[in-house]
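Report on the structure
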Amino acid sequence: MARKILILGGGPGGVVAASNIVKRLGRGEAEVTLIDRTGFHVFQPSQLWVMAGIREPDDIRRPLRLLERKGIKVVVDEVKAIKPEEHSVVTSSGRFDYDYLVVALGSIPEVSKIPGYEYNVCTPWTIEGALRCRKLLGSFRRGSIVVAPLSWPYKCPPAPFEAAFMAKYLLEQRGVAGESEVKVLHFWREPMEPFGPKMVSAFKRFLELYGISFMGGVEVEAFEERHVVTRGGERIKYDLAIAVPPHNPPEPVAASELGDPSIGGYMRVDKRTLRSPKYDNVYGVGDVIAPSLGIGMAGVFAHFQAEHVASRIVDEIAGAYMGEHYNMSGVCVMDLGYVGAAVYCDFTRRILAGDYPDCVILGGMRAFRAVKYAFEKYWLEKWF
């Protein structure tokens, strides 16, 4: 009898896990079902390009129904409850039982929880927010632009800096950089602080080179008209703000036995196996387990984790399969407007021992912008 494998979420983790499992197992061995609320896969790194007018929303998203050509059953529905003790998931329209469950529901950017969002504030952490940013940037001619995350963790740790570089490039194009400023406000004391001294030094150099200010140790309380209000009572002037919204775990995870209140309701997993410590047939990948591993949120983590989890499930069903080892590294390619940069970090020591990751940054070449374009094309063509 075919094993029922249920994948929750159509982001990079869910798509890679489902695709790898059906590739390795015959239909008589596994029945793979992917449930997603929106029915679309979005290549989220390109949301900054939507903000900048380089991409339209349909350029960076694909219908998940396309996965059905691979033998994956796609259900467009909202997960309401996860019941690992009953080996089932409840959605808006019914109940799904499983033999294996892969939770890849990500994290939720809570745009509605950005205080003062109506005051010339936008966020490219959603497609709708990216389009709002495009509109605000389109009418911006001079003044002060601030980029500010509100809390940790959030998707893609370097992304606020990348957004700042893009904004500065736009001002340069319009010839008003001398009448304007771009500033990053961050609760980290130094740029990319959790990633170690090498990364701090590299990002400081980039910020200085392109004339972008950094204010560390700033905890944003709210946005008011023309002013950021910090928790320390400081008021910082701005004309346009690009905000990183608070991120929360999906409610069905936080409300289930998989959620751990000590890490904000995100899913707890074994750091080496990515398996739930309570349920042997439940795995987690991506943003939803990032706090459990002590790392940031990024699609590349979900990708590598999903390959590993798929290998484990295939091995258990097929009897012996030497698949993908758990790759604890991450790569981020950034468009700085002027040039591109790439960051590679090995997070093995971070995950297993709590040390700084081993990071290398390469930048200062336009070729890296081409690399980002190429990876976007590769990703959407490979999986869809």
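Right above here is the structure, for reference.
Let's talk about the pairing of strand β6 (residues 79-83)
In this structure, β6 lies alongside strand β7 (residues 88-91), joined through four bridges in antiparallel fashion. Along β7, the bridge assignment pairs Ile82 with Val89. What sits between the antiparallel neighbours β6 and β7 is a turn of four residues, in which His87 has the positive phi angle 55°.

What about the sheet that holds strand β5 (residues 73-76)?
The strand order β5-β2-β1-β9-β20 describes an open sheet built from five strands, whose pairing is parallel. Two strands in the sheet have a free side with no partner beyond their single neighbour: β5 and β20 (282-284). Strand-to-strand twist across the sheet, computed as the mean angle between neighbouring axes with direction ignored, equals 20°. Sheet topology places strand β9 (residues 100-103) next to β20; three bridges connect them, and they run parallel. Across the sheet, Val102 pairs through a bridge with Tyr283, a residue of β20. Sitting on the sheet, helix α1 (residues 12-24) touches β1 (3-8), β2 (30-36) and β9, and the angle it makes with β2 is about 165°.

Focus: the sheet that holds strand β17 (residues 235-237)
Adjacent strands of a sheet form backbone hydrogen bonds with each other and so pair up, either parallel or antiparallel. Strands sit in the order β15-β16-β17 across an open sheet of three strands; the sheet is antiparallel. Among the strands making up the open sheet, the edge pair consists of β15 (220-224) and β17. The average angle at which neighbouring strand axes cross in this sheet is 25°, direction not considered. Note: strand β16 (residues 227-230) against β17, three bridges, orientation antiparallel. Bridging from a neighbouring strand, His227 pairs with Lys237 of β17.

What counts and what doesn't
- Residues numbered from 1 in each chain as written.
- Predicted model: local features only at pLDDT ≥ 70, side-chain atom pairs only at ≥ 80, totals over all residues.
- Heavy atoms only, no water.
- Pairing = 2+ DSSP bridges.
- Helix = DSSP H or I, 4+ residues; strand = E, 2+ residues; numbered from the N terminus.
- Axes fitted to C-alpha atoms, helices over the stretch in contact; angles between N-to-C directions.
- Contact = heavy atoms within 4.5 Å.

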